[in-house]
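So the chains spell out like this:
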Amino acid sequence: MNTIQLLGVEKSIVGDGMNTTLLSPVSVAFHKGQFTVIVGASGSGKSTLLSLIGTLDRPSAGQILYDDVDPAQLKSKILADFRFDNIGFVFQSFQLLPTLTALENVMAPLFPRKVPYNKPNRALELLEQVGLADKSKLLPSQLSGGEQQRVAIARALVNKPAWLLADEPTGNLDSKNGEAIYSLMQTVQRENGCGVLMVTHDLQLASRGDRIIELKDGAMIRDTAAAGEVRC
């Protein structure tokens, strides 16, 4: 899956007789191998956009295509397989299972699935990649926040996804750990060749991405390449 294309994608919710627009029509394409940062104030629609792209939610209007596949047309089981095969998620709150070790947390997405590789070996390989091989047997409570986020990144990469989606992955970290996680994600992108879409409120970190998408009040107001090219 080399390209994600959004065609007039909208999201709104209806309640108490009101229709609230979370995301105005957005048309944009993302390409594998590119590090894209999505910025905007709280409530601008950043997480909504990422959730739609990641197939965790469905648009109210418009279409999202992974190459020529429309995930919204897939049945639940096939959609779950599609998501597992193509998308890795990293969240601000880490979302590690507290009773599992770091190694087991990385393996967790593989537990219900048959895969053509050794699960523990794959998990340990990823912990080595994020610099935590020596802490594979520790529980999340025995790890620092930065280390927990590294485990979460390793877990997101466990099935070699084409796309890595990160929602405020540095939001719960101090500046030093936030910098380390951002640098790690850039390294992961280069070494794995995946496309990265990262939501952040940190404009200093955002400026180092290949591309910046800015949202305001649910609308895309800026699409800028690192070299300064404005696409909208």
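Predicted model only: the values in this text are computed from it and were never measured.

Here is what the cut-offs are and how they apply
Residues numbered from 1 in each chain as written. Predicted model: local features only at pLDDT ≥ 70, side-chain atom pairs only at ≥ 80, totals over all residues. Heavy atoms only, no water. Helix = DSSP H or I, 4+ residues; strand = E, 2+ residues; numbered from the N terminus. Buried < 20%, exposed > 50% of the residue type's maximum accessible area, 1.4 Å probe, protein only. Contact = heavy atoms within 4.5 Å. Lys, Arg positive; Asp, Glu negative; His and termini not counted. Charge placed at Lys NZ, Arg CZ, Asp CG, Glu CD. 1 Å grid on protein atoms, 1.4 Å probe; cavity = no way out; pocket = protein on both sides within 12 Å on 5 of 7 lines; lining within 4 Å. Points joined across faces, edges and corners; volume = space filled by probe spheres on them. Nonpolar A, V, L, I, M, F, W, Y, C, P; charged D, E, K, R; others polar. Polar contact = N/O pair within 3.5 Å; in protein donor to acceptor, adjacent residues only side chain to side chain. Phe/Tyr/Trp six-rings, centres within 6.5 Å; stacked < 30°, edge-to-face > 60°. Core = buried A, V, L, I, M, F, W, Y, C linked by side-chain atoms within 4.5 Å. Pairing = 2+ DSSP bridges. Axes fitted to C-alpha atoms, helices over the stretch in contact; angles between N-to-C directions.

**Brief notes about the overall build of the protein**
So, step 1. Check the secondary structure of the protein and you find seven helices and nine strands.
So, step 2. Oriented by its inertia axes, the alpha-carbon framework of the protein measures out at about 50 × 40 × 35 Å.
So, step 3. Scored against the burial criterion, the 232 residues of the protein give a buried share of 47%.
So, step 4. Look at the contacts in the protein between residues 6 or more apart in sequence, and 69% of them connect residues 24 or more apart.
So, step 5. Taking the 23 positively charged and 24 negatively charged side chains of the protein as two groups, their mean positions are separated by 5 Å.

**Examining empty space enclosed by the protein**
So, step 1. All told, the structure shown has one cavity of 30 Å³ or more when counted by the stated rule.
So, step 2. The volume enclosed by the largest cavity comes to roughly 80 Å³.
So, step 3. The wall of the largest cavity is formed by L52, T55, D57, R58, P59, I64, D70, P71, A72 and L79.
So, step 4. The class makeup of the residues in the lining of the largest cavity is six nonpolar, one polar and three charged.

**Things to note about the environment of S207**
So, step 1. Here S207 shows up in the loop between α7 (203-206) and β8 (211-216).
So, step 2. Each C-alpha atom of the pair S207 and A225 lies 9.6 Å from the other, and the pair is 18 residues apart in sequence.
So, step 3. A polar side-chain atom of S207 sits 2.7 Å from the main-chain carbonyl oxygen of Q204.

**Comments concerning the packing of aromatic side chains**
So, step 1. Counted under the stated rule, the structure contains three aromatic pairs.
So, step 2. For the pair F35 and Y182, a centre-to-centre distance of 5.3 Å together with 55 degrees between the ring planes defines the contact as tilted. Of this pair, F35 sits in strand β3 (residues 35-39) while Y182 sits in helix α6 (residues 175-192), and the two are 147 residues apart along the sequence. Residues F35 and Y182 agree in their burial class; the two are buried.

**Structural notes on the nonpolar core**
The tendency in soluble globular proteins is for nonpolar side chains to be buried side by side.
So, step 1. V106, L127, V151, I153, L164, M185 and M198 are the most contacted members of the largest nonpolar core, which totals 40 residues.
So, step 2. Elements with a contribution of two residues or more to this core: β3, α3 (102-107), α4 (119-129), α5 (145-156), β6 (163-167), α6, β7 (195-199) and α7.
So, step 3. Leave out the neighbours within four places in its chain, and M198 touches F35, T36, V37, I38, A166, P169, Y182 and M185.
So, step 4. Among the nonpolar cores identified, the runner-up in size contains 24 residues, and F82, A162, W163 and L197 belong to it.

**What about the pairing of β8?**
So, step 1. Pairing between β3 and β8: four bridges, direction parallel. Pairing of T36 across the sheet is with R211, part of β8.
So, step 2. Inspection of the sheet shows β8 paired to strand β9 (residues 219-225) by six bridges, in the antiparallel sense. Each bridged residue has a counterpart across the sheet, and for R211 the counterpart in β9 is A225.
So, step 3. Between β8 and β9, which pair antiparallel in sequence order, lie two residues; one of them, D217, sits at a positive phi of approximately 50 degrees.

**Quick word on helix α2 (residues 76-86)**
Residues three or four positions apart in an α-helix share a direction because the helix packs 3.6 residues into each turn.
So, step 1. For α2, the set of buried residues is L79, F82, F84 and N86.
So, step 2. The inward-facing, buried residues of α2 contact β4 (61-66), β5 (87-91) and β6.

**A look at the sheet that holds strand β2 (residues 18-31)**
So, step 1. Taking strand neighbours across the sheet as the criterion, the three strands line up as β2-β1-β4 in an open arrangement whose pairing is antiparallel. Lying at the two open borders of the sheet, with one neighbouring strand each, are β2 and β4. With strand direction ignored, the average angle separating the axes of adjacent strands in the sheet is 20 degrees.
So, step 2. Across the sheet, helix α1 (residues 46-53) touches β1 (3-15), β2 and β4, and the angle it forms with β1 is around 120 degrees.

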